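Close look at the chain arrangement
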Amino acid sequence: MRNVTKELAKAMLEKRSAIASNKDTTEIDIKINTLRDFKTKVIEFQTSGSKKKYDAAAELSILKSMIKQRKNSIEEYKKASRDDLIFKEDMEIQTLEKLLPELPDEATIGSTYLEWRQEAKSEVEFPYISKKEMGKAIKNISEKFELVDKALVSKIVKTYIKE
């Protein structure tokens, strides 16, 4: 969230500079409003009384949800030929995507799997595992990262299952 506050302050200074030099502030306004919207969603999450704690995973979930909503809106606007609104939604997506943390890629997850597999005992030869060990592999790999796409971890682990 600290990153969002810095981005918002930077955008406001950028807007002030654009106004002083008589430049169009449409894109900056969209950025500011999107960052404010994100901060609002975070505050709503924190004060909702939910038992879920606010952490990096919750922040990622909020960001992904907001991006998905905007992508859905773009599809609707395309059907209605509303290019002005498509532009706005696209700018919002770009702003939100800049806030996304870097997630480990396939190669990093694959090497983490191989490290785990060398230490783990299995009924089948290295680097493979049995189907019943899949859950344990996914759990151990996911714990190595603060944030990770579990669907990607699952996909990679499935490639090492020996029937």
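Examining the overall build of the protein chain
The secondary structure content of the protein chain amounts to seven helices and zero strands. Beginning at the N terminus, the succession of helices and strands in the protein chain can be written as α-α-α-α-α-α-α. Expected size for 163 residues packed as a compact globule is a radius of gyration near 15 Å; at 21 Å, the protein chain overshoots this value by more than 25%. In the protein chain, which comprises 163 residues, the proportion classed as buried is 36%.

Some remarks on the environment of Leu96
Locating Leu96 in the fold gives a position in helix 4 (residues 83–99). Its relative accessible area of 0% is what places Leu96 among the buried residues. Note: C-alpha distance between Leu96 and Leu63 (33 residues apart in sequence) is 6.6 Å. Residue contacts for Leu96: discarding those within four places in its chain leaves Thr34, Phe38, Leu63, Met66, Ile67 and Arg70.

Points about the pattern of salt bridges
What the rule picks out here adds up to nine salt bridges. With a closest N to O distance of 2.6 Å, Lys88 and Glu92 form a salt bridge. A residue pair is termed a helical-turn pair when its members lie 3 or 4 positions apart in one helix, as Lys88 and Glu92 do in helix 4 at four residues. Lys88 gets classed as partly exposed once you look at its relative accessible area, which sits at 33%. The partner of Lys139 in a salt bridge is Glu143, with the nearest N and O atoms 4.0 Å apart. You can see Lys139 and its partner Glu143 sitting in helix 6 (residues 134–143), four residues apart, about one turn around the helix. Taking relative accessible area as the criterion, Glu143 reaches 55% and is therefore assigned exposed.

Quick notes on helix 4
Between its first and last C-alpha atoms helix 4 spans 25 Å; for 17 residues at 1.5 Å apiece the expected length is 24 Å, and the two agree. Along helix 4, the residues classified as buried are Ile86, Glu89, Met91, Glu92, Ile93, Thr95, Leu96 and Leu99.

Regarding the packing of aromatic side chains
Applying the stated rule across the entire model yields three aromatic pairs. For the pair Tyr113 and Trp116, a centre-to-centre distance of 5.9 Å together with 45 degrees between the ring planes defines the contact as tilted. Here the residue Tyr113 and the residue Trp116 both occupy positions in helix 5 (residues 106–119), the gap between them amounting to three residues, near one helical turn. With respect to burial, Tyr113 and Trp116 carry one shared label: buried. Taken together, the ring pairs connect Tyr113, Trp116 and Tyr160 into an aromatic cluster.

With respect to the side chain of Ser130
Tracing the chain through its elements places Ser130 in the loop between helix 5 and helix 6. The exposure class assigned to Ser130 is buried, which follows from its relative accessible area of 9%.

Parameters at a glance
Residues numbered from 1 in each chain as written. Predicted model: local features only at pLDDT ≥ 70, side-chain atom pairs only at ≥ 80, totals over all residues. Heavy atoms only, no water. Helix = DSSP H or I, 4+ residues; strand = E, 2+ residues; numbered from the N terminus. Rg over C-alpha atoms; globule rule 2.2 N^0.38 Å. Buried < 20%, exposed > 50% of the residue type's maximum accessible area, 1.4 Å probe, protein only. Contact = heavy atoms within 4.5 Å. Salt bridge = Lys/Arg side-chain N within 4 Å of Asp/Glu carboxyl O. Expected span 1.5 Å × (residues − 1). Phe/Tyr/Trp six-rings, centres within 6.5 Å; stacked < 30°, edge-to-face > 60°.

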